[in-house]
Amino acid sequence: PFLRRYLTMRSDITGPVFAKIWDTPGSGFSERMKHVVEPAFAVDYVTNFADGTRVPILSDASDRVIGGSGRFTYGLNNRFFYRARTADATPGSTVQYLTVGIQQTYYSNPLSSLTDTNYVSASYHRKAADLSDVALNVRVTPRNGIDANTRFEYDVQGRGLQVMTTGLSALWGSAASGTSTA
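Residues numbered from 1 in each chain as written. Predicted model: local features only at pLDDT ≥ 70, side-chain atom pairs only at ≥ 80, totals over all residues. Heavy atoms only, no water.

### Topic: the overall build of the protein chain
Each helix and strand in the protein chain was counted, giving 0 helices and 8 strands. Relative to its 182 residues, the protein chain shows a buried fraction of 30%. Considering only contacts within the protein chain whose residues lie at least 6 apart along the sequence, 58% involve residues at least 24 apart. Of the roughly 11400 Å² of accessible surface on the protein chain, a fraction of 57% belongs to carbon and sulfur atoms. (Helix = DSSP H or I, 4+ residues; strand = E, 2+ residues; numbered from the N terminus. Buried < 20%, exposed > 50% of the residue type's maximum accessible area, 1.4 Å probe, protein only. Contact = heavy atoms within 4.5 Å. Areas by Shrake-Rupley, 256 points an atom, 1.4 Å probe, with all protein chains shown as cover.)

So, in structure tokens, the structure goes:
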């Protein structure tokens, strides 16, 4: 048996957060709107360990840990909310209806780019690089029970668009009648 001992450290930082709130008196569905801009940063580090190349990759890239490596992820999220109109003296709920985020990761060891499970394109046959693809995420929730999302990953090394994924979920009946809060 092979045993590897290492320490993984991670820190997530969000902010400063900027918000703009405005009333929408002429709107038929909302009392007010809110736009939030959030810079986001994450720092990861894995300590070095002996014989890291002896570890078999059993199922996918997440089995492989690159010792003595760090990564720095940076991005920007834009979130848009609305507060539904008050109905029958019941305050309206707050709904996050649109989120747009962009991110990229810098790797201190380019081999780490091949095992980063935060990027779909990392699992494709590609060369190690010190920068990940730029990932653009868009999520739309036009009403309770309907949620759509799309992700684009663009290669900054000149190979263009690498991945586009999209998904949709919809609930009907009593499952969709719940409210979301933000």
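### Details of the side chain of Thr73
As for its placement among the helices and strands, Thr73 is situated in strand β4 (residues 69-84). Reaching out from Thr73, the side chain makes a polar contact with the side chain of Thr105 at a distance of 2.8 Å. Setting aside anything within four residues of it in sequence, one finds Thr73 in contact with Ala40, Phe41, Ala42, Gln103, Gln104, Thr105 and Tyr119. (Polar contact = N/O pair within 3.5 Å; in protein donor to acceptor, adjacent residues only side chain to side chain.)

### Looking at the pairing of strand β5 (residues 94-107)
Of the strand pairs in this sheet, β4 and β5 are connected by 13 bridges, and their pairing is antiparallel. Looking across to β5, one finds that Phe81 is bridged to Gln96. (Pairing = 2+ DSSP bridges.)

### Focus on a nonpolar patch on the surface
A cluster of nonpolar residues, Ile13, Phe41, Val43, Phe72 and Tyr106, forms a patch on the protein surface that exposes about 400 Å² of accessible area. Relative to the helices and strands, Tyr106 resides in strand β5. By relative accessible area, which is 39% here, Tyr106 ends up partly exposed. (Patch = residues over 30% accessible without salt bridge, like charges linked within 9 Å, V, L, I, M, F, W, Y side chains within 5 Å. Salt bridge = Lys/Arg side-chain N within 4 Å of Asp/Glu carboxyl O.)

### Concerning the pattern of salt bridges
Opposite charge on two side chains allows them to pair when their charged atoms are near. The full count for this structure, using the stated rule, is 9 salt bridges. Close ionic contact of Arg71 with Asp116 constitutes a salt bridge, the shortest N to O distance being 3.1 Å. Linking Arg71 in strand β4 with Asp116 in the loop between β5 and β6 (134-143), this pair joins segments that are 45 residues apart in sequence. Accessibility expressed as a relative area gives 2% for Asp116, which makes it buried. For Glu153, the salt bridge goes to Arg151, with nearest N and O atoms at 2.7 Å. Overall, the relative accessible area of 14% leaves Arg151 in the buried class. Within the structure, one salt-bridge network assembled from shared partners comprises Arg10, Asp12, Asp44, Arg71 and Asp116.

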